[in-house]
Structure formats: structure tokens, C-alpha cells
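Here are the chains, one letter per residue:
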Amino acid sequence: LLLALPAFLYAQTRVTGQVIEAATGEPVIGASVVESGTQNGTVTDFDGNFELVVADGASVQVSYIGFKTQELKAQPVMKVKLAEDSEVLDEVVVVGYGVVKKNDATGSVTAIKPDDMNKGLNTNATDMMQGKIAGVQVTSDGGAPGSGATIRIRGGSSLSASNSPLIVIDGLAMDNNGIQGVSNPLSLVNPSDIETFTVLKDASATAIYGSRASNGVIIITTKKGAQGSKPKFSYEGNVSLGIITNHLEPLSAKEYKDYLKYRGVDMTDIGDANTNWQDEVFRPAISTDHNFSVTGGTKNMPYRASIGYTLQNGAIKTSQMQRVTASLNLSPSFLDKHLTFNLNAKGMYSFNRYTDGGGIVGSALSFDPTQPVYDDTYKAFGGFYQTPNDGGVAALNDAVWDNTTNTVAGISNPVAALKNKNNRAHSGVFIGNLEVDYKIHGFEDLRLHANFGADYSYGRQPMDENIYSFGNNYYGWEQLEKKSKYNLQFNAYAQYYKDFTETQHFDIMAGYEWQHFYSDYTYRGWGLYPETNKDATLRGTHYNESSNESITENYLVSFFGRLNYIGWNALMLTATFRADGSSRFQKGHRWGYFPSVALGWKIKETFAALRESNVVSDFKLRLGYGITGQQDLGDDYIGLRRYTYSQDYAYYTDGSKDADGNYIYTKTIRPQGYNDELTWEKTTTYNAGIDLGLLNSRINLNLDYYYRLTTDLIAEVDIPAGTNYADKLFKNIGSLSNQGIEVMLNAVAIDHSRSKSKFKWDLSLNYTYNINKIRKLTSGEGANYFVPTGYISNGINIMRQQEGYASNTFWVYRTEKDAEGNYHIIDQDGNGTIDNADLRPYHHSAPDMTFGFQTKWQFYNVDIGISLRASLGNYVYNQVLAGGMFSVQTPYRDHSYTNLRADQIDAYNHTIGYAGSAISTENARLMDIYVENASFLRCDNITVGYSFKKENVLAGRVYLTVQNPFVITGYSGLDPEIFGGIDGNIYPRSMTSLVGLSLQF
């Protein structure tokens, strides 16, 4: 017996088996098979097979990421079926002041993670959101380096207040106002540091943020360390080449001369060159981006640090952006994880060299193609050719020597405009916050949470135009703008969790928040006497100095609470309430109250047949209602009584004189217009949604219907003379609605990634339909009252905010063609006169429908990804075309009509507005032929990548991306994607080719 004991103690069993997916039967490659309670284990091969020797009677644990772990008694032959774990796959989503399992969310919440394999070129966080989320429209501000974007969630809800969503970065609510060199808060975060985006869209989700959440909330969570992990390093870098591929086709020099002859124009000052001015200002733009990070952590101290550098050159010569970013995250825990901290610190420095993108492009389209870039005759302009004035070339040159202030008629040489003007910005940003969370010992159901945060930024933008600059003088100009601002925030809340039974969950949260916004802005500008000035004592000195300075601040104080209830894992209730006090309003109007309630029903968990179904993995109904507020009007004292300095020369004197006998003047102050009754805009939102998951969540469908009504709508309106201290005033004047449908579909169409074929196909589609309408405008102006908007030139606006129509609706003269092809403006009221009474509504600038589509194929180590976006029903006023039609002067004085395409010239000559019609040239700009359908389909990027891995040593990926390879549109201008609907020359978007490398080691 003693001799047999060792063999008895160490008896072993050889286990062979296969691990497959329960849903598809496909083998699971790389699944972990471990003898329970030991380090003895193995992984499955390409066929899902494994072999392991274990002690008799032992159990084995089988696990794989995204599947439910199974623990089974060891058998000589085993077949293990792993079911996908939808809760693991969905994880949790960040909501206001906390997190929630996605399956338990009652509001309209969308969470996305950046796709490392199909992300395109990302220099700004907004690039990562374009076309990815239903109900979220992201329109970049053209193609300038470092440019930001305009974001709209479920349409705009205001006429004069901000329509931008609230941005929350790691728990810190940001100030939406930018500084020199930083366009918006999303510019402050390096895209490589972002872990997730969460978008809160309906009021039941956003109302916890109260006054700042009428336009939705975007929550950015950055990457953190890994507990108990050795340091892991990662690098990602790329080099790109951007080229302008879409040019408007100007007339050649010969075509231009023929056209002038046809028009019977004096050809005296027409040159002999053949210059393509677009070629002179555009360039191939080489850019690069590099990011390095380290992630790790001890048992109680996860950490992550990163640093990045970006150089983005613009397609217009001289434009450039350079940026350096750094971030640090520490997440220590103490007292057996009862006390946890989360420290985030981010810094950024950027340098921007600007060009007047639209102006340069406009000049390149309009400048005389018969003239050269350089002409030594024009010494007053540094040798750059310029359009002569009435006095001719000699007068131009003599103007500097005689210190006169003659101006030059016409358009500036675009190359001279680039080289003679140096406009740049230096910016610095620091964002930091410390979160403290404590689970009370002995009463762990109660936790206390506090967050201290600060956002500090500064911008310094010097600009100088040398003595050769084209403009109102020939002496040069210098100016300096500076802005520093900070945003301090503190919030604290207590949260109590309680499960009364296994089926009844309850938690309640209550808190307080304080936020202070401060901004300090200064401006100084001055002219320079030239070095060539005859009076040597004046050379290089300042004249005509001007300055401005403003310091503003505002405060928000808030109390908030939330109640969550989940019963029988099927019925859900969420109720929130927030009270906000804003210093922007007068006493009696400072507080706004914002409640919400949402109901959820997990239909799958209610019926036994669905609970056991392998087809339906999630089926949930959501209903929500809530109210949010708006008080961000861009003026910290808009609701207060105040005084301001009068204009220059509005001086007062009591008759006193200085030592030289001159009268002493004092600048006067005067009251500004005010509205004691101004109060919050309020937006009420109703939302109904369905979440459906199929085939173990391989297919997920989210469908939402919403209706949003904004009341007490704030707008700047004209007021009767003598009734206040101004002719315009901000007032609460009406209501506006948005209603629509959102659809998001995510699917794993094919997944053989764990089988021999190693093939996987993912796709994602989103669709949004939105109808915007102004429901009511109240004023003393009568039933047809409107607020003009959409300024185009000389006091003319082409859009109106008017009751019964969408925001930013175009109002134009309708036209018709006669048998000979001539355009005629329709006299709508039949009185024989073309005037404002004949203007009629004609489309609007915002799209009716938007689409987004992403797809990705993976085959062994190769991946291919494509991202597309579409916009339907958006219209654009082609101001470039309209301006060219109607600004014809004598050609040697004003070339702004130049370079029309042949088809446009025909339209020009047939346009009644310039062929002797009674209407003015300026009013002729308002014809409907210039409001064009700008619907488009844009390919954001196509990416091909190859991944490689050396076990436990190195993993990486090389990839090629083409960004913005094509746009399909019927719009005749340079680019159809223009926020606001007026194309007055934009900085064109490049097609960019990129090669990149990612490494983890």
C-alpha cells in the first residue's frame, strides 16, 4: 500500500478536445484551456483542438475574450461550446456622473470606440466621429491645417444661442469657446489618447447636465493604465501627402481676352502672360504625425503616459499647423479598493501659420490670367504685379514716397497676399482633473465621489503685413491678439446602491456642482511708416494705433439627482432632476429647472420563449421625456444692465486745458440696451426607441424617433426707436421644433476569424432624417415678421428665420426661362416692380437626410476598410458664382467677375439681373439660380493594412490610406460640404495619401 501511494496521489488524465462557437459551430482558435487552480494550461490550435494532462478528478476552465468562461469536469474526450457574452461585448457606457451597462440604459445613448483599422487620417477628435453616429452631423471647417468642425446633434435647437453640444473630457465639462489656434474643445485632445466617445442625444440622457445639454452631450474618455501589468509600449506614426484634386476651371488668358473683346472692354491694361493662379497658390502638402505611449501598473497603481507630435502642412502655400501633446493618467487605489483616485493631466502646445484661405482661393479664381506673378515695375508691392488704380503704375509707386493713402481698386495678386502677410498663432492648453471615489467601510452600498478640474488655455496671435501688402495703405500693418481663459469646476455627489432582492435593484444619486468661466482678451493694432519715408524720423514708427480689451466671466451653480430602478431584470425606470443658476441673467430669471424620466422594457427577459431563443439576444423598448436649457449666448452679461465707452470723438470737456493750452477731453460712457425679462431657452424632448440584437449580438439594430420643441427661443431682433438704448435686443420670441428618425445597424456579417479560413466581415450603417421648423415668432412687426440672416454682401441677407419655415431658409427671386433661354425674374405680386415683396422661400441649408457607412474585411493578416458619408437635401448659395456674375466693373480696375467657365458665361449673358432689368445688380444676387442642390456622397477613406506579431515580443501593423478620394455631387462649386449654406470661397479639402505604422512591444 505504501509503495502504491505515490502512484495513487499523482494519477493523471490525458484530456483531448475541441472548442467551438455555440452559435456557428466554428472552431475557436487561441482559446485558453487551464486546469482549475493551477498554472497548467494550453491554447487551442487552428482547428480549435487542444490536449492537456491534468490530475484525476480535476476541472478545466475554458475561456476566450468575448465569450462566457466555462468550467467543466475533465474528461478524456471533450467538446466545449462557448457562448458569446453580450454583456462583455457591450461592456458599460459612460453617462452623466457615472457609468451604466449598455443593456440597462434607458436613454438614447451611443458609444463608439475608435476603429484602429479603419480610422483614416485623424488630426482632430472630430475626424473620428464623421459619419459614425446616427443623429450626429460633423462638418469640418474646410481643409485648413488644424481646422475644427461644426457639430450638430439632432439639428439646431436655437437661433442665436449656441447650437454646439456640451463636450465632457474625463468628467470635466468644457468651455465651447475657442482661442487663437484652437478652434473648439475637441481640438484639445490627441486622438490617439481617446478610448471611447459616448453621445447622449435625448433629454432623458442629457438632462442630468441641465443648462448645457440642449444640444446633446459628447463624453470623451481617454485611455488609462492596466492594473498589475508590466510596462507596454506603443508607437503610431504616419506620413501623408495632400493634393487638391477639385479645381474650378478658369478661363485661359486667350479665352479671357476673347471674352473681354466680346464685352467691348478697353484692353489697354491687359497683359501678355498666361498664368494659372490656382497653380501658383496650391501645393502638394506633406504632413506627419507621431505618437508614443507607455501603459502598465502595479497592483494598486495603474498608469499611462503619452506624447505626440503633429506637423500638418496646408494645400495653400505657407499654411501650417504644428502640435505637441502630452498626457498622464494615474489611477491608484487604497484600503482594499474602497478608496480610488483617478488623476488626468493633458497638455498641448500648437503653432499655426494661417492664410486667408477663402480670400486666397477667391483671388486665385478671379485675378487676371493675362498678368504675371512678378513685375519689377511694381516696386511699391515688392515686385508683385498689382491691378493699377486710376493714376496708373506711376501713381502706385509714388504713393509710398509721397506718404499718400491712395487705395488700389480691384483684387490682390494672390501670391503677393500669401507672401506679404504673416499671420500666426501660438497656443497652450492644460486640462487636469482629480476624481476621488470612496466606498464607505461597513456600508459599501454608499459611495462618495468628488471631481476637481481645471482647463486653462492661452492664445497669442501676431499678424504683420509688410510695406508691400495690398490694402488701404502701403505702409504695412501690425497687430497682436491675445486671449487667456480658464474654466474651474468642482462637483461632488453621493450614490447609494441597494438590491432589495435578487430581482429588485435600486440606486439613487444626489450632488452639487460649481463652475467658473473666465476670459481675458486684448487687441492692439498699428500702421508702420515705411523705411523709404522721406522724413527719416518717421521710418518704422507707429501711426493710427487702435486697441481693445475685455475681461469677462460667468458662473454656474447646480444641484442634481438621479434615481434608477431595475425590476426582474426587465423593467427599468430612470428619473433625473437638475436645477441650474446662471450669472448671465437678472435676478428672478437666473434659475432653470430641468427634469426627465425614462422607461425601459427588456422584452426578451419577459417572455420565456425569447429568453431561451438563440436568435434574439436583445430586445428592448425605451421611452423618454425631459427638459434641458440654454443660456450660452456668447455674452457673459447679456441679461444685465451695463455701460460701455462711447465711440471715438464722443468726448466731454469741462473747459479745462493742459499746459500747452489744449482742451482736455474725457471719453464718455453710455448705457447699453438691456432686457430685464430675458430668460432661459428650454428644449423639451420626447424619445421612443427600440434596441434589437440577433444571433448572439452579431447583428444589432437601434431605432429612435424623437421630437424636440424649443420654447422661449432667444434671438436678436429689431426694436422700435426710443424704447431702449439700442436698436437691436436679445429677446425670448418664439419656438422651434426638430423631429426625426435615427437608425443604426452594426453587423458581423461573416466571422470565420477563428477558423481555418480566417475571414471576417464587419459593417455599420447609420441613417438620420430630421425636419426642422420654426413654430412661432412673436413681435410687434405683424404676422410676416422674420429675422434676417445669411449675410452675403452690401447689407443683403439671403436667408430668413420665419414662422412656418425651417431655420435658415433661403428667400430668393424665382426665375423662369423664355423660349430663347433668357432668365426672367417672376413678378410674384404682379405690380410691375421687382422688389422685396417678390422674394419667396426656396429650400434650406441643413440636410434632410444623412447617411454613414463603414465596412471592414479581414483575411488572415490583411484588412481593408472603407468609410462613406452622404448628405441629401442640403442647399448652398453659390456666392462665388453670383459674385462673379454681378460685380463687373472696368476690367483693369476690378477683376472679381473673371474666370467664369464657358457654361457660366452663357448664363451670365442671359441673366436679366445684368441685362437691363429694373432691379439692382445687388438684388439680382438673390435669384434662385444661385441656390444649388449640394447633396453629396463622400468617401472619407479607404484603408489597406497588414498586421504582424511575434509572440511576447512585438505586434504591429502597416497600412496605406487614401483620405477623401472622391465626392459625388451635382453642386457646381468647389466643395458641397459647407456648414451654413453660403459658399463664399472656402479652404479646399485635399485628397490625402498616407502610409502609417503601429507597434506594440
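Our structure is the block above this text.
Right, let's walk through the structure included here. (Residues numbered from 1 in each chain as written. Predicted model: local features only at pLDDT ≥ 70, side-chain atom pairs only at ≥ 80, totals over all residues. Heavy atoms only, no water.)

**Considering the environment of His505**
Of note, His505 is situated in strand β26 (residues 504-528). Note: C-alpha distance between His505 and Gly567 (62 residues apart in sequence) is 6.3 Å. Contacts of His505, omitting those with residues within four sequence positions, involve Tyr497, Lys498, Asp499, Asn564, Tyr565 and Ile566. Within polar-contact distance, the side chain of His505 engages the side chain of Asp499 at 2.7 Å. One polar contact links His505 to Asp507, side chain to side chain, over a distance of 3.1 Å. (Helix = DSSP H or I, 4+ residues; strand = E, 2+ residues; numbered from the N terminus. Contact = heavy atoms within 4.5 Å. Polar contact = N/O pair within 3.5 Å; in protein donor to acceptor, adjacent residues only side chain to side chain.)

**Quick look at helix α6 (residues 357-366)**
Side chains that are three or four residues apart share a direction in an α-helix, a result of its 3.6 residues per turn. A large share of α6 lies buried, amounting to nine of its ten residues. Listed as buried for α6 are Gly357, Gly358, Ile360, Val361, Gly362, Ser363, Ala364, Leu365 and Ser366. (Buried < 20%, exposed > 50% of the residue type's maximum accessible area, 1.4 Å probe, protein only.)

**Re the packing of aromatic side chains**
All told, the structure shown has 27 aromatic pairs when counted by the stated rule. For the pair Phe334 and Phe341, a centre-to-centre distance of 5.9 Å together with 75 degrees between the ring planes defines the contact as edge-to-face. Assessed through its relative accessible area of 41%, Phe334 is described here as partly exposed. Take Phe341: its relative accessible area is 25%, and that puts it in the partly exposed class. Aromatic side chains Tyr512 and Phe559 sit 5.3 Å apart centroid to centroid with 55 degrees between the ring planes, which places their arrangement in the tilted category. Here Phe559 lies in strand β27 (residues 542-567) and Tyr512 lies in strand β26, a separation of 47 residues in the sequence. Classification of Phe559 as partly exposed rests on a relative accessible area of 45%. By way of ring pairs, the aromatic residues Tyr97, Tyr209, Tyr493 and Phe560 are connected into one cluster. In this structure, Arg800 is placed above the aromatic ring of Phe786, and the distance from its NZ or CZ to the ring centre is 3.9 Å. The aromatic ring of Phe936 is capped on one face by Arg938, whose charged end is 5.7 Å from the ring centroid. (Phe/Tyr/Trp six-rings, centres within 6.5 Å; stacked < 30°, edge-to-face > 60°. Lys NZ or Arg CZ within 6 Å of the ring centre and 35° of its normal.)

**A closer look at the sheet that holds strand β15 (residues 194-200)**
Taken in spatial order, the five strands line up as β10-β15-β16-β13-β14 in an open sheet, and their pairing is mixed. Single-partner strands in this sheet number two, and they are β10 (109-112) and β14 (172-173). Bridge analysis of strand β13 (residues 166-169) against β14 gives two bridges, and the strand direction is antiparallel. Across the sheet, residue Ile169 finds its bridge partner in β14, namely Leu172. (Pairing = 2+ DSSP bridges.)

**Brief notes about empty space enclosed by the protein**
Sizing a probe to match a water molecule and rolling it over the atoms shows the empty space that remains. Evaluation of the coordinates by the stated rule reveals nine cavities of 30 Å³ or more. The computed volume of the largest cavity comes to approximately 610 Å³. Forming the walls of the largest cavity are 39 residues, and the residues nearest its centre are Leu121, Asp127, Gly143, Gln312 and Gln963. Of the residues that constitute the lining of the largest cavity, the class distribution is ten nonpolar, 22 polar and seven charged. Of the volumes computed, that of the second largest cavity is approximately 100 Å³. Lining the second largest cavity are Thr123, Asn124, Gly146, Ser147, Gly181, Val182, Ser187, Met321, Arg323, Met348, Ser350 and Asn352. Those elements that place two or more of their residues in the lining of the second largest cavity are β20 (320-330) and β22 (339-354). Among the elements that take part in the lining of the second largest cavity, β22 stands out by supplying three residues, more than any other. Within the lining of the second largest cavity, the residues separate by chemical class into three nonpolar, eight polar and one charged. (1 Å grid on protein atoms, 1.4 Å probe; cavity = no way out; pocket = protein on both sides within 12 Å on 5 of 7 lines; lining within 4 Å. Points joined across faces, edges and corners; volume = space filled by probe spheres on them. Nonpolar A, V, L, I, M, F, W, Y, C, P; charged D, E, K, R; others polar.)

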